[in-house]
Amino acid sequence: MANEYSCTCNSQWSDSNCYTPAPCSTPGEVSQGTRSFSDTNHASNVTYSCNAGYEITSGDATLTCNHGSWTGSLPTCEDIDECANNPCQNSGKCSNLVNAYRCTCNSQWTGTNCDTPAPCSTPSEISQGSGTYSDTLHGSTVTFACISGYEIKSGDASRTCSYGSWNGSQPTCGGNLQMSSIRISPRMIILLFLTKAIQNDANSATKYKRMRYKPLCKPGCMFKQPRILQLHMHISMGREEL
Ligand SMILES: [Ca+2]
């Protein structure tokens, strides 16, 4: 057996004469991360990186093969807390997601970071009138107007959207009419209504006073005097208490 021998290397060396530094085994994998290496020979590197939204919180990003074993320790990838720097403004609640966050705003704010004043809902409609508005964003105004013969009796004629709600109160339209009554029989009362527009016209009002007991027409009719006034006549039967 001259000139024949066999080397049994320790773990750090290899080849028949134990001259070559030993290669490493395949490097370990990490959860929520990837590894990158070209080979596993001595002095080679393996580099780890975490998936989007994760970061290395312990261990080493790079391991080096040194005589059969990787130096350092496997890294750990953990979720990044995107809420850590408090991105949600104005008391918005932050939800930590994968590579993202979500703000839940209170009713007064909107937007990704709750930094935009909230818009309002569509203004409610009113009876015997309507609202006019161009949009429902913060700062916008809705203006209400009653139909002819009606006027705003309560609430606000204009309401402005302020942080998600319309300020003031919803208006109500009531008859824009001055009323007098004429008893024409014990069981019938005709109510005459003079529009406020006419009431505001001194000349018309004077003429109205002169003629207000004259312009009778049949119950329920619409009485018109050119250039003077318009009377809406309503009939109330049997209400002598009026
Ligand atoms: Ca996260």
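Just so you know, these numbers come straight off a predicted model, no measurement behind them. (Residues numbered from 1 in each chain as written. Predicted model: local features only at pLDDT ≥ 70, side-chain atom pairs only at ≥ 80, totals over all residues.)

Visitor: Looking at this model, I keep getting lost on the sheet that holds strand β17 (residues 165-166). Mind explaining?
Guide: Sheet strands pair via backbone hydrogen bonds, and the direction of the pair is either parallel or antiparallel. Strand order in the open sheet made by the 4 strands is β13-β14-β16-β17, with antiparallel pairing throughout. Each edge of the open sheet is held by one strand with a lone partner, namely β13 (129-132) and β17. In this structure, strand β14 (residues 141-146) lies alongside strand β16 (residues 158-162), joined through 3 bridges in antiparallel fashion. In the sheet register, T141 faces β16, and the bridge partner there is T160. (Pairing = 2+ DSSP bridges. Helix = DSSP H or I, 4+ residues; strand = E, 2+ residues; numbered from the N terminus.)

Visitor: Any chance you could explain the nonpolar core here in plain terms?
Guide: Inside soluble globular proteins, nonpolar side chains tend to come together where they are buried. In terms of nonpolar packing, the biggest core is built from 6 residues, these being C88, C103, C105, W109, C114 and A118. Among residues more than four places away in sequence, those in contact with W109 are N90, G92, C114, D115, T116, P117 and A118. (Core = buried A, V, L, I, M, F, W, Y, C linked by C-beta atoms within 7 Å. Buried ≥ 20, exposed ≤ 12 C-beta atoms within 10 Å, placed from the backbone. Contact = placed C-beta atoms within 7 Å.)

Visitor: Even after reading the chapter, I still don't get the environment of T64, so can you show me in this structure?
Guide: In this fold, T64 is placed in strand β6 (residues 62-66). Note: C-alpha distance between T64 and A43 (21 residues apart in sequence) is 5.8 Å. The contact partners of T64, leaving out residues within four places of it in the chain, are A43, N45, W70 and T71.

Visitor: Could you clarify how one ought to interpret the environment of A118 in this entry?
Guide: Locating A118 in the fold gives a position in the loop between β12 (116-117) and β13. Separated by 12 residues in sequence, A118 and N106 place their C-alpha atoms 9.0 Å apart. Dropping the residues within four chain positions of it, A118 is found in contact with S107, Q108, W109, T110, H138, Y163 and G164.

Visitor: Explain the sheet that holds strand β3 (residues 33-37) here, please?
Guide: Read across the open sheet, the 4 strands follow the order β3-β4-β6-β7; overall the sheet is antiparallel. Every interior strand has two partners, whereas the edge strands, β3 and β7 (69-70), have only one. Here 5 bridges tie β3 to strand β4 (residues 45-50), and the two strands are oriented antiparallel to one another. Within β4, the residue paired with G33 across the bridge is C50.

Visitor: Sorry if this is basic, but what is going on with the UniProt feature "domain: EGF-like" (unreviewed entry) in the chain here?
Guide: Under the UniProt annotation, the feature "domain: EGF-like" (unreviewed entry) is placed at residues 79-115. The annotated region residues 79-115 carries 0% helix and 35% strand content, and the separation between its end C-alpha atoms amounts to 26 Å. (UniProt positions renumbered as here; feature names shortened; annotations may be inferred.)

Visitor: Is there a simple way to think about unusual backbone geometry in this case?
Guide: Leaving glycine out, the prevailing phi sign among residues is negative, and the prevailing peptide bond configuration is trans. At D15, a position not held by glycine, the phi torsion is positive, near 75 degrees. With phi around 60 degrees, Q128 is a residue other than glycine that occupies positive phi space. Assignment of secondary structure puts Q128 in the loop between β12 and β13.

Visitor: Honestly, the environment of L74 in this entry has me stumped. Any pointers?
Guide: With respect to the helices and strands, the residue L74 is situated in the loop between β7 and β8 (76-79). Along the backbone, L74 and D60 are 14 residues apart, and their C-alpha atoms lie at a distance of 6.0 Å. For L74, the residues in contact, after removing those within four places along its chain, are G28, V30 and G59.

Visitor: Quick question: what am I supposed to make of the confidence of the model for the chain here?
Guide: As a note on interpretation, predicted positions should not be read in detail where pLDDT is low. Averaged over all residues, the pLDDT of the chain is 81; the fraction at 70 or higher stands at 71%. Counting contacts from residues 210-242, a segment whose pLDDT is below 50, to residues more than four positions away or on other chains yields 47 contacts. (pLDDT = per-residue confidence, 0-100.)

Visitor: When you look at the pairing of β16 in this model, what are you seeing that I'm missing?
Guide: On any regular strand, side chains alternate: one points to one face of the sheet, the next to the other face. Burial of β16 is one-sided: the residues R159 and C161 facing one way are buried, the residues S158, T160 and S162 facing the other way are not. Where β16 lies against β17, 2 bridges are found, and the strand directions are antiparallel. Paired with C161 across the bridge in β17 is W166. The antiparallel hairpin formed by β16 and β17 contains 2 residues in its connecting segment, where Y163 sits at a positive phi of about 50 degrees.

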